[in-house]
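# Structural features, examined
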2 protein chains.
Amino acid sequence: MATSEKGLIELCHGNGGRLMHQLIEDIIRPALANPMLDTKLDAVQLPVLEGPPVITTDGFTVQPLEFPGGDIGSLAVHGTINDLAVSGAVPLYLTLNLFIEEGFEISRLARLMKSLGEAAEAAGVVVVAGDTKVLPRGQCSGLYLATTGIGILSPGTNLSMDFVQSGDKVLISGPVGDHGTAVMLAREQFGLAGTLLSDSANVLPLTRALQDLGGVRFMRDPTRGGLATVACELCRATGLGINLWQETIPVSEQVRGVCELLGYDPYYLACEGRVMAVVSEHDALLVLKRWQALPAGSQAAIVGEIQSSHSQVVLTTDYGGERILEELEDDPLPRIC
Amino acid sequence: MATSEKGLIELCHGNGGRLMHQLIEDIIRPALANPMLDTKLDAVQLPVLEGPPVITTDGFTVQPLEFPGGDIGSLAVHGTINDLAVSGAVPLYLTLNLFIEEGFEISRLARLMKSLGEAAEAAGVVVVAGDTKVLPRGQCSGLYLATTGIGILSPGTNLSMDFVQSGDKVLISGPVGDHGTAVMLAREQFGLAGTLLSDSANVLPLTRALQDLGGVRFMRDPTRGGLATVACELCRATGLGINLWQETIPVSEQVRGVCELLGYDPYYLACEGRVMAVVSEHDALLVLKRWQALPAGSQAAIVGEIQSSHSQVVLTTDYGGERILEELEDDPLPRIC
């Protein structure tokens, strides 16, 4: 029929009728193919969970929708399952909300859904429910997604900021700021180009590798606001301080270069496939070794330690000076997630 | 500080930093107050579920954001928990995604979150996780929400379109089209006014009342696309036909009037607090009696029956004629959810 021939999303693709069903059946469902996604149902029944459920949710509004190393589809999987992984959970299920702008190319939607489906499959999670809304032209910048993740807590897991103690070490699983920088480079507005890829990835292999270590106090994926923001949150929640050592924090050459050009601080730029962990002094080297043995952790490093003598994030610079990393104020960081 | 004094959402309210935390702590969290919403966490651990989990998700883009009888906040609760209720589940938890436009009034956000929190509390569900994104001015029409609902299947429940048989009766718990009409009236573009309220409500009392009845085959809340769309879906999925009787389908005077004026068909207009049920002939009167005994079901009616002689939705009109209710095609119904 007319609307589909044009290959563009029309308002009627969101009206609950035939064209919406066709869009879901032809484009969305095949990309997410799994037997539990029954589009005849308003709600899906899942098998009984073999452990305490862990839930998280995330919205995705990244611009551009496709960037080196990923796109909003794969990001909507990684962003959500990583929140489960760093909480010590095994991600099992995802739900998916689409907000699509009228006039969006259906072929592009298909490509992004394929990417989402592949990322989900690679991570062993299934998309079990979804909802599609179409917004009038000019009331959405192409596509926004929201995903909710459901997992179960791994047995014996007990992670919390509350367990963090003075003397604990801070580790990061790889270079920081790759995602934020790759997304910025993908925007024409900066007039820059590069070969840098987003680090967008499933961090479950990194968190699983530490599952039996009692010395792991707390993990977090440093997304919006980056490593510095997670460190600030930790200080605020615990009343403890964090010393970070600039010389040990892995930052790629390209991220460093872009940050110098544009005046960004890499410690505030988003990662989408890194884990920050706070680990007892006793287990810190073991965590480092396990991470470095994994492809995703080859550049892992011990980057700082917890202090009780102050309650700020203090960066010891390469030149031996000290700089306080404050919480982000009114800096509207680019839309990187 | 400057940005909050203006009372408007700024891009920095979405950057993961101090102002975002302040927004969440001052405006969103108090409205949703519950002990499980720990904003320090990336994911929340829930108590072990005492039954098979049932999951659903919905996006909300209604315009205007506030309408007689409800707003996007309460709607985001009802829309999602009702999908669980009609699946035979008891809703327990919600997650919440906010997509807010730069420049949105913080006082309005607070009001809508309060409405959401109150609707959740009234329905006995808790908002356990959330995420906030801020979109640049002009890339969102104020506020979009997405909610994901988690519930557990009520013991002994077994509902499916697959159980629907020829001879079964079709029931509706109350007048159709109130929500869709109330939202249209709330838009200045139509130049109409009225006292009609949206039917937006938690349908759990209606579904719970039928919990022990084996003759209840299938339930659905007729939202986007209305009663006619649910009926069409049922025909498509089962290969059976549905006869609906115009004289028995409850439609309020105001809905009828507006539909005549604007050329809408009330059977395609959204309800947000009604249940359509397909029930064995044996139990149909019992369902009717139980519904009519409830405040929300006082106007419940038996409105049709399942037929094996055809596979369409056929409306017998008040004048004795017959009209086929087709699936919605390219009719871009107003943004009512």
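Notes on the structure in this doc start here. (Residues numbered from 1 in each chain as written. Chains lettered and ligands numbered in written order. Predicted model: local features only at pLDDT ≥ 70, side-chain atom pairs only at ≥ 80, totals over all residues. Heavy atoms only, no water.)

## Overview of the relation of the copies chain B and chain A
For the pair chain B and chain A, the best superposition has an RMSD of 0.0 Å and corresponds to a rotation of 180 degrees with a translation of 0.0 Å parallel to the axis. Taken together, the rotation angle and the small translation identify this as a two-fold axis. Take the interface residues of chain B: 99% of them recur as interface residues in chain A, which is what a same-surface contact looks like. (Least-squares fit on C-alpha atoms with pLDDT ≥ 70 in both. Contact = heavy atoms within 4.5 Å.)

## Some points on the sheet that holds strand β12 (residues 301–307) of chain A
Residue and element names in this part refer to chain A. Sheet architecture is open: seven strands sit in the order β9-β11-β8-β12-β10-β13-β14, paired in mixed fashion. What marks the edges here is a single partner per strand, and that holds for β9 (216–220) and β14 (322–324). Strand after strand, the sheet turns through a mean of 25 degrees between neighbouring axes, direction not considered. In this sheet, strand β11 (residues 276–279) lies alongside β9 in antiparallel orientation, the contact comprising four bridges. The residue bridging F218 from the neighbouring strand is V278, located in β11. (Pairing = 2+ DSSP bridges. Helix = DSSP H or I, 4+ residues; strand = E, 2+ residues; numbered from the N terminus. Axes fitted to C-alpha atoms, helices over the stretch in contact; angles between N-to-C directions.)

## Here we look at the pairing of strand β6 (residues 126–135) of chain B
Both faces of the sheet carry side chains from a regular strand, because those side chains alternate between them. Residue and element names in this part refer to chain B. Taking burial as the measure, the 10 residues of β6 include eight buried ones, the bulk of the element. As judged from the nine bridges shared by strand β5 (residues 89–101) and β6, these two strands associate in the parallel manner. Bridged to Y93 within β6 is V126. (Buried < 20%, exposed > 50% of the residue type's maximum accessible area, 1.4 Å probe, protein only.)

## As for the pattern of salt bridges
One pass over the structure, following the stated rule, counts 30 salt bridges over all chains. The partner of E233(A) in a salt bridge is R220(A), and the shortest N-O contact between them spans 3.1 Å. Of this pair, E233(A) sits in helix α7 (residues 226–238) while R220(A) sits in strand β9, placing them 13 residues apart in sequence. Among the ionic pairs, R236(B) bridges to E327(B), the shortest N-O distance being 3.3 Å. Of this pair, R236(B) sits in helix α7 (residues 226–238) while E327(B) sits in the segment after β14 (322–324), placing them 91 residues apart in sequence. In the salt-bridge network here, residues are joined through shared partners; they are D58(A), R224(A), D131(B) and K133(B). (Salt bridge = Lys/Arg side-chain N within 4 Å of Asp/Glu carboxyl O.)

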